[in-house]
Amino acid sequence: MTNYHVKLQAAYVAKNVEDAEDAIGIAISQIGKALNKGKLDYVDIELGLTLCPECSEPVDCVLVVARTAIVGIILSMRVFNAESPEHALRIAKASIGKALKDIPLEEIDVVEF
């Protein structure tokens, strides 16, 4: 059995936002509340980054249109005693997915530690 660090990307929709900073704050706050309610306070939450199509520099992963935003969030956690990287990914998705119903999750990285 091996230990893994799993990173997942989540897409959070924030409504009635003023600007990108407001959307980011709402997304992180709401995801944090949901994870804490599910007793998953050990999951780390970060803002996702994407590359600017013009300059290829990293920028915040948020898009605001008509006071509605989609925010890319990175969730990471350690999974102990998993049989394989795929098993660790399934454990992480099941744990986080239970707390974040209706929020899509996608694998970014699974690394042994």
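Note: the structure precedes this text.
In this text the structure is predicted, and so the values were computed from the model without any measurement. (Residues numbered from 1 in each chain as written. Predicted model: local features only at pLDDT ≥ 70, side-chain atom pairs only at ≥ 80, totals over all residues. Heavy atoms only, no water.)

Visitor: So what's going on with a negative patch on the surface? Residues and values would help.
Guide: Together, Glu-86, Glu-106, Glu-107 and Asp-109 make up a negatively charged patch on the protein surface. Among the elements that make up the negative patch, the one with the highest residue count is strand S7 (residues 105-112) (three residues). Of note, Glu-86 is situated in helix H2 (residues 85-99). (Patch = residues over 30% accessible without salt bridge, like charges linked within 9 Å, V, L, I, M, F, W, Y side chains within 5 Å. Areas by Shrake-Rupley, 256 points an atom, 1.4 Å probe, with all protein chains shown as cover. Salt bridge = Lys/Arg side-chain N within 4 Å of Asp/Glu carboxyl O. Lys, Arg positive; Asp, Glu negative; His and termini not counted. Charge placed at Lys NZ, Arg CZ, Asp CG, Glu CD. Helix = DSSP H or I, 4+ residues; strand = E, 2+ residues; numbered from the N terminus.)

Visitor: Could you give an account of the side chain of Ser-76, with specific residues and numbers?
Guide: In this structure, Ser-76 sits in strand S6 (residues 68-82). Judged by its relative accessible area of 3%, Ser-76 falls in the buried class. Non-local contacts of Ser-76, meaning those with residues more than four positions away in its chain, are made with His-5, Val-6, Lys-7, Tyr-42, Val-43, Asp-44 and Glu-46. (Buried < 20%, exposed > 50% of the residue type's maximum accessible area, 1.4 Å probe, protein only. Contact = heavy atoms within 4.5 Å.)

Visitor: Could you give an account of unusual backbone geometry, with specific residues and numbers?
Guide: With the exception of glycine, the majority of residues adopt a negative phi angle, and the majority of peptide bonds are in the trans configuration. We note that Asn-16 has phi near 55 degrees; this positive angle belongs to a residue other than glycine. As for its placement among the helices and strands, Asn-16 is situated in the loop between strand S1 (2-15) and helix H1 (20-37). The phi dihedral of Asp-102 is positive, around 65 degrees, even though this residue is not glycine. Its location among the elements puts Asp-102 in the loop between H2 and S7.

Interpretation note: all reported values are geometric properties and have no functional meaning in isolation.
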